[in-house]
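Topology and contacts: notes
For reference, the chains in residue letters:
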Amino acid sequence: MHFEDFELDPRLLRVLDTKGIETPTMIQREAIPALFEGRDMVAVAQTGTGKTLAYALPALMRLAEGRVQRNMMLVLAPTRELAQQVHGVIAELGKAVGIRCAAVYGGTGFGPQIDALKKGVGIVVATPGRLLDHMRRGNARFDDLMILVLDEADRMLDMGFLPDIKSIIRKLPEQRQTVMCSATFPREIARLSEEFLREPQRIEVGQIAKPVDAVRQMLYPVHPERKLGLLKTMLREKNVDSAMIFLRTKPRTERVAKALRKDGFKVQAIHGDRSQRQRNEALAGFRSGKYRFLVATDVAARGLDIQAVSHVINYDIPENPDDYIHRIGRTARASAEGDAVTFVTPADMLPLEAIERALGKNLPRADWEGAVPVISLYQPPGVQTGRKRRGITHRRRRGRLLG
Ligand code: AMP
């Protein structure tokens with residue numbers, strides 16, 4: 001199948017062509033025709049599946065069909081980075097069909113955003129908090145809105161945006177098309193969908209909350225104090241072209257970035273305490289190859305589309321399976337392969353168990369010289385280890401000793 005089969009506007013096809021995007025991904029094959037007809041949709045899909053184009057292409061086709069009014073489409077995204085990224089995709093395609101797009105997010109001045117909103121653009125991509133601010137100040141109205149997209153809805157709820165999202169939606173016309181993308185489908189997302197979507201078509205790409213198969217996953221059991229040494233060795237010795245390295249807190253992120261930089265690694269950090277300008281510079285530098293390694297916290301990194309990353313390294317194990325899945329989704333984007341390495345310490349028993357349970361399997365452990373014992377209490381159904389004793393093994397009852 002080819003994008004031409006959707007009878008897309010030739011001007012949009014030309015833009016896709018320049019990027020070498022020819023064959024629609026699974027979500028695009030399913031979503032584009034249904035969205036073009038105007039249906040509501042819930043897409044359970046992670047970043048990396050091509051979800052942005054899946055909603056952007058039919059939306060642009062629908063908008064380009066009529067006279068383009070002000071603020072006809074609104075995309076809400078959890079982070080400034082995702083908003084910038086989606087804005088980049090839509091602005092480029094929109095330009096080809098004469099539809100302008102503005103990005104509205106916190107951390108930067110109101111002035112230019114007010115100008116864009118007042119002048120009127122076809123499409124607004126925004127984070128909920130800042131947009132609501134503008135709406136309350138009378139800077140933005142959505143009387144002609146046709147299409148609403150809630151991107152990474154699960155993350156927006158995690159970040160506490162639900163009240164803002166509800167306040168925004170209540171100010172939008174009821175007659176509209178609503179699309180909700182979410183990497184996972186917890187009960188709160190189901191409720192949100194029932195409240196604001198009308199008979200949505202539901203599309204699931206892959207299994208819910210399962211990472212893309214192309215990611216090779218590996219655990220490194222390690223003593224906490226040896227993590228930095230292991231990381232340096234890994235970056236030096238393994239074939240790590242480019243890596244995103246995830247840590248739990250802002251100070252840890254800063255510390256590890258500094259330590260790597262001191263050793264001559266081309267690295268930059270991205271976390272909530274850095275200014276928007278610094279974050280943009282870090283991202284642009286990472287994308288261009290100026291920095292080979294990006295050290296980040298979850299919140300800052302969620303939803304970023306960085307194509308060339310060969311490795312994701314969980315320096316700190318994520319606290320829950322959703323974050324694990326989001327993190328390792330940074331690698332193996334679209335159809336490329338990637339590696340996801342997770343450092344586990346003896347204290348990481350619980351998060352490790354939760355992750356393995358969500359994946360339905362034990363992850364392979366690296367047998368390296370500094371490996372320490374790390375217990376995993378998860379045993380996939382049907383898998384037996386150790387000596388059999390009436391169906392239950394001794395090791396199974398005690399948990400598996402790893403490393
Ligand atoms: P997304 O899931 O929207 O964040 O997209 C992930 C990445 O896949 C982006 O860099 C897109 O440019 C790329 N992409 C989207 N659709 C396709 C496609 N049909 N073929 C190749 N790459 C794609």
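The rules behind the values
Residues numbered from 1 in each chain as written. Predicted model: local features only at pLDDT ≥ 70, side-chain atom pairs only at ≥ 80, totals over all residues. Heavy atoms only, no water. Phe/Tyr/Trp six-rings, centres within 6.5 Å; stacked < 30°, edge-to-face > 60°. Helix = DSSP H or I, 4+ residues; strand = E, 2+ residues; numbered from the N terminus. Buried < 20%, exposed > 50% of the residue type's maximum accessible area, 1.4 Å probe, protein only. Contact = heavy atoms within 4.5 Å. Axes fitted to C-alpha atoms, helices over the stretch in contact; angles between N-to-C directions. Parallel < 35°, antiparallel > 145°, perpendicular 65-115°, else oblique. Patch = residues over 30% accessible without salt bridge, like charges linked within 9 Å, V, L, I, M, F, W, Y side chains within 5 Å. Areas by Shrake-Rupley, 256 points an atom, 1.4 Å probe, with all protein chains shown as cover. Salt bridge = Lys/Arg side-chain N within 4 Å of Asp/Glu carboxyl O. Lys, Arg positive; Asp, Glu negative; His and termini not counted. Charge placed at Lys NZ, Arg CZ, Asp CG, Glu CD. Core = buried A, V, L, I, M, F, W, Y, C linked by side-chain atoms within 4.5 Å.

1. Considering the packing of aromatic side chains
For any pair of aromatic rings, geometry is given as the distance between the ring centres together with the angle between the planes. All chains considered together, the criterion is met by five aromatic pairs. Ring centres of Tyr220 and Trp368 lie 6.5 Å apart, and the angle between their planes is 50 degrees; this geometry places the pair in the tilted category. Here Tyr220, found in strand β8 (residues 215-221), pairs with Trp368, found in the loop between α15 (349-359) and β14 (374-376); they are 148 residues apart in sequence, far enough to count as distant. Judged by centre distance (5.7 Å) and plane angle (45 degrees), the rings of Tyr315 and Phe343 are tilted. One end of the pair, Tyr315, is in the loop between β12 (311-314) and α14 (321-328); the other, Phe343, is in strand β13 (residues 338-344), and 28 residues separate them in sequence.

2. Considering the environment of Leu13
By secondary structure assignment, the location of Leu13 is in helix α1 (residues 10-18). Classification of Leu13 as buried rests on a relative accessible area of 16%. Sequence-distant contacts of Leu13, that is, excluding residues within four places in its chain, are made with Phe3, Glu4 and Leu8.

3. Topic: the packing of helix α8 (residues 162-170) against helix α9 (residues 187-196)
Between α8 and α9, the least distance of the axes is 12 Å, while the angle of their chain directions is 10 degrees. By the angle between their axes, α8 is roughly parallel relative to α9. Between α8 and α9, the contacting residues are Leu162, Lys166, Ile169 and Arg170 on the first element and Leu192, Glu195 and Phe196 on the second.

4. Structural notes on unusual backbone geometry
Despite not being glycine, Glu152 has its phi angle at roughly 50 degrees, a positive value. Among the structural elements, Glu152 can be located in the loop between β5 (147-150) and α7 (153-158). One non-glycine residue with positive phi stands out, namely Glu199, at about 35 degrees. Overall, the relative accessible area of 71% leaves Glu199 in the exposed class.

5. Re a negative patch on the surface
A surface patch of like charges, here negative, comprises Glu4, Asp5, Glu7, Asp17 and Glu22. Note on placement: Glu22 falls in the loop between α1 and α2 (26-36).

6. Some points on the nonpolar core
Most often, soluble globular proteins keep nonpolar side chains buried together rather than apart. Counting 45 residues, the largest nonpolar core has Tyr55, Leu57, Met73, Ile90 and Ile123 as its most contacted members. No other element matches helix α3 (residues 51-65), which puts nine residues into this core. With residues up to four places along the chain from it excluded, the contact list for Met73 reads Tyr55, Ala59, Leu63, Ile90, Gly122, Ile123, Val124, Leu145, Ile147 and Val149. Core analysis: the second largest hydrophobic core is formed by 32 residues, Val42, Met156, Ile165 and Leu172 among them.

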